[in-house]
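Letter by letter, the chains look like this.
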Amino acid sequence: MGSDDKLKWLIADETLGPELRSIAVKVSRGERISFAEGVTLFEKGELGYLGVLANYIREKKHGNVTYFNRNFHIEPTNLCVYDCKFCSYSRLIKERDQGWEATMDDMLNTVSKYDQEPVTEVHIVGGVLPQYNMAFYMELFSKIKQHRPNLHIKALTPVEYHYIFKKAKVDYAMGMQMMKEAGLESMPGGGAEIFHPEIREQIAKDKCNAEQWLQIHEEWHKLGMHSNATMLYGHIEKFWHRVDHMERLRQLQDKTGGFQTFIPLKFRNQDNQMSHVPESSVVEDLRNYAISRIYLDNFPHIKAYWAMISRDTAQLSLGFGVDDIDGTLDDTTKIYSMAGAEEKNPGMTTQQLVELIKAVGRHPVERDTLYHVITDFKEVEFTDEKKQIYYQLPVLNQ
Ligand code: V47
Ligand code: SF4
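Rules used in this analysis
- Residues numbered from 1 in each chain as written.
- Chains lettered and ligands numbered in written order.
- Predicted model: local features only at pLDDT ≥ 70, side-chain atom pairs only at ≥ 80, totals over all residues.
- Heavy atoms only, no water.
- Buried < 20%, exposed > 50% of the residue type's maximum accessible area, 1.4 Å probe, protein only.
- Helix = DSSP H or I, 4+ residues; strand = E, 2+ residues; numbered from the N terminus.
- Pairing = 2+ DSSP bridges.
- Near = heavy atom within 4 Å.
- Nonpolar A, V, L, I, M, F, W, Y, C, P; charged D, E, K, R; others polar.
- Core = buried A, V, L, I, M, F, W, Y, C linked by side-chain atoms within 4.5 Å.
- Contact = heavy atoms within 4.5 Å.
- Polar contact = N/O pair within 3.5 Å; in protein donor to acceptor, adjacent residues only side chain to side chain.
- Axes fitted to C-alpha atoms, helices over the stretch in contact; angles between N-to-C directions.
- Parallel < 35°, antiparallel > 145°, perpendicular 65-115°, else oblique.
- Left-handed = near helix turned anticlockwise from the far one by under 90°.
- Expected span 1.5 Å × (residues − 1).

Asker: Would you take a moment to explain the pairing of strand β12 (residues 363-367) for this structure?
Answerer: Looking along a regular strand, one sees side chains alternate from face to face of the sheet. Where burial is concerned, most of β12 is hidden: 5 out of the 5 residues are buried. Side chains His 363, Val 365 and Arg 367 of β12 all project onto a buried face; the interleaved residues Pro 364 and Glu 366 project onto the opposite face, where all are buried too. Bridge analysis of strand β1 (residues 65-69) against β12 gives 4 bridges, and the strand direction is parallel. Looking at β12, one finds that Val 65 is bridged to His 363. As defined by bridge partners, β12 adjoins strand β13 (residues 373-376) across 3 bridges and the pair is classed as antiparallel. Within β13, the residue paired with Arg 367 across the bridge is Val 373. Hairpin geometry of β12 and β13 is characterised by an intervening segment of 5 residues between the two adjacent antiparallel strands and by a positive phi of about 70° at Tyr 371.

Asker: What is the right way to read the site of ligand 2 from this model?
Answerer: Neighbouring ligand 2 are the residues Cys 80, Tyr 82, Cys 84, Phe 86, Cys 87, Ser 90, Gly 127, Val 159 and Lys 207. In terms of residue class, the shell around ligand 2 is built from 6 nonpolar, 2 polar and 1 charged.

Asker: Looking at this model, I keep getting lost on the nonpolar core. Mind explaining?
Answerer: By size, the foremost hydrophobic cluster in this structure holds 115 residues, and its most contacted members are Tyr 49, Ile 124, Phe 141, Tyr 161, Leu 249 and Ile 325. Among the elements that line this core, the one with the most residues is helix α4 (residues 47-62), at 7 residues. When residues no more than four places from it in sequence are discounted, the contact partners of Ile 124 are Ile 74, Pro 76, Leu 140, Phe 141, Ile 144, Ile 153, Lys 154, Ala 155 and Leu 156.

Asker: How should I be thinking about the side chain of Glu 121 in this particular structure?
Answerer: For Glu 121, the location among the structural elements is in strand β5 (residues 121-124). Reaching out from Glu 121, the side chain makes a polar contact with the side chain of Asn 69 at a distance of 3.1 Å. At 2.8 Å, the side chain of Glu 121 and the side chain of Thr 369 are in polar contact. With near-sequence residues (within four places) excluded, Glu 121 lies in contact with Asn 69, Arg 70, Asn 71, Phe 72, Leu 151, His 152, Lys 154 and Thr 369.

Asker: I tried to follow the sheet that holds strand β11 (residues 324-327) on my own but got confused; where do I start?
Answerer: Sheet strands associate in pairs through backbone hydrogen bonding, adopting either a parallel or an antiparallel arrangement. Strands sit in the order β11-β1-β12-β13 across an open sheet of 4 strands; the sheet is mixed. Pairing within the sheet leaves two strands with one partner each, and these edge strands are β11 and β13. Averaged over all pairs of adjacent strands, the angle between strand axes in this sheet comes to 30°, irrespective of strand direction. On the sheet, helix α14 (residues 350-358) packs against β1, β11 and β12 and is oriented at approximately 160° with respect to β1.

Asker: Just checking my understanding: could you explain the packing of helix α2 (residues 18-28) against helix α3 (residues 35-44) for this structure?
Answerer: Each packed pair of helices is defined by two parameters, the angle between the axes and the distance between the axes. At their nearest, the axes of α2 and α3 sit 11 Å apart, and the two run at 120° to each other. Classified by the angle their axes make, α2 and α3 are oblique. Judged by the twist between their axes, the crossing of α2 over α3 is left-handed. Residue-level inspection shows Glu 19, Leu 20, Ser 22, Ile 23 and Lys 26 of α2 in contact with α3, the latter providing Glu 37, Thr 40, Leu 41 and Lys 44. When the residues that make up the contact of α2 with α3 are grouped by side-chain class, the tally is 3 nonpolar, 2 polar and 4 charged.

Asker: Teacher, can you tell me more about unusual backbone geometry here?
Answerer: What you tend to see is this: most non-glycine residues have negative phi, and most peptide bonds are trans. Located in the positive-phi region is Leu 156, a residue other than glycine, with phi close to 60°. Considering the arrangement of structural elements, one finds Leu 156 in the loop between β6 (152-155) and α7 (158-168). One non-glycine residue with positive phi stands out, namely Glu 193, at about 50°. Note on placement: Glu 193 falls in the loop between β7 (186-187) and α9 (197-203). With relative accessibility at 8%, the residue Glu 193 sits in the buried group.

Asker: Would you explain helix α11 (residues 239-256) in this entry?
Answerer: What sets the pattern is the α-helix's 3.6 residues per turn: residues three or four places apart point alike. With 18 residues, α11 extends 26 Å between its outermost C-alpha atoms, agreeing within 8% with the 26 Å of an ideal straight helix rising 1.5 Å per residue. Three or more residues of α11 are buried, namely His 241, Arg 242, Val 243, Asp 244, His 245, Met 246, Glu 247, Arg 248, Leu 249, Arg 250, Leu 252 and Gln 253. For α11, the elements touching its buried residues are α3, α9, α10 (210-222), β8 (226-233), β9 (259-266) and α12 (282-295). Just downstream of α11 lies Gly 257, where phi reads positive at about 70°.

Here you go:
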């Protein structure tokens, strides 16, 4: 049975309550659901029901296609002037002996390490420290672009931008323009956490607030540029805080159209100030992906960040609205392994990612940051010879 038939069958199910049936009808007509209906989905939607709705939308938008990209991470420092309660990664400045502070040369050396690798993107994000100021990042971005012009720079979040622009006394519009001129091409989705102040003030006090986060993305979108958005869920927030978070994103997206991907981030509780808070179950994670897909009708993509959940959950998520499973990143990212993610040394080869996607009947496509197709892996079987061809192709394009 296809996803259309499954939705029709669900709507005809007389045991389904009127609220859930009316939401299913809206989805079948491509209509937007309301805030109250979003809360209803969280409170009453069972996994099977949510999966039918989310998979219907996913397949209308993307068929079976599942995207991934080839990227690497640079984390300039794990020291931070902020003290987010969920953060397992950051060491406050007073714990400097447990931290690292990469220099400009360290970071450029990391970029050079990938010279022979067919990566298309560098993702730069880390803690906030005074020496990583506006001038530093502008120089870093322009040196990376000089070294490898086709490497897409996806870097920093409104948490860093708000901090460095304030210090440099430039407004958000001017600041983002200057970053663009220096070589920034996209903004990752981090720092969003939960927007509502009732929660944000308890877990991420002092750093940029919801309005500032959204305003920086808006200024970036006004320049014709793209970004992602995240939501850190499954801790002390209530369901309606999640809907509030998505509602604010949906409204900004109606205005600018600049968001590409929504990435729900499951709260991991190892080694942080919220270790007493239990983690969400896999069922709750899948429900959350599905509701994100249903609620955010104007977001093209929903991403499961496989390094944070298990590979099995990443595979399952492809039936619950997810169409992107991030990148082949190697073990350069520490944020998640330090928070208790399943993947201690996150890294998957292209072959592993492709096989993981094919194993659940989906169609793997390697994309660049802006979702242009780099390689369609539908028919590709990995013989040794092919492996070489596919590893070499994008390098030749640099
Ligand atoms: O903002 C920190 C989260 C985010 C924990 O845009 C935690 O493509 C769970 O945003 N448990 C940064 N999450 C990472 C991020 C990201 C990752 C992958 C791809 C993209 C993209 C963006 O990590 C932070 C915070 O929300 N985080 N600590 C934790 N204990
Ligand atoms: Fe700093 Fe980011 Fe950790 Fe907050 S989440 S303490 S801003 S590194």
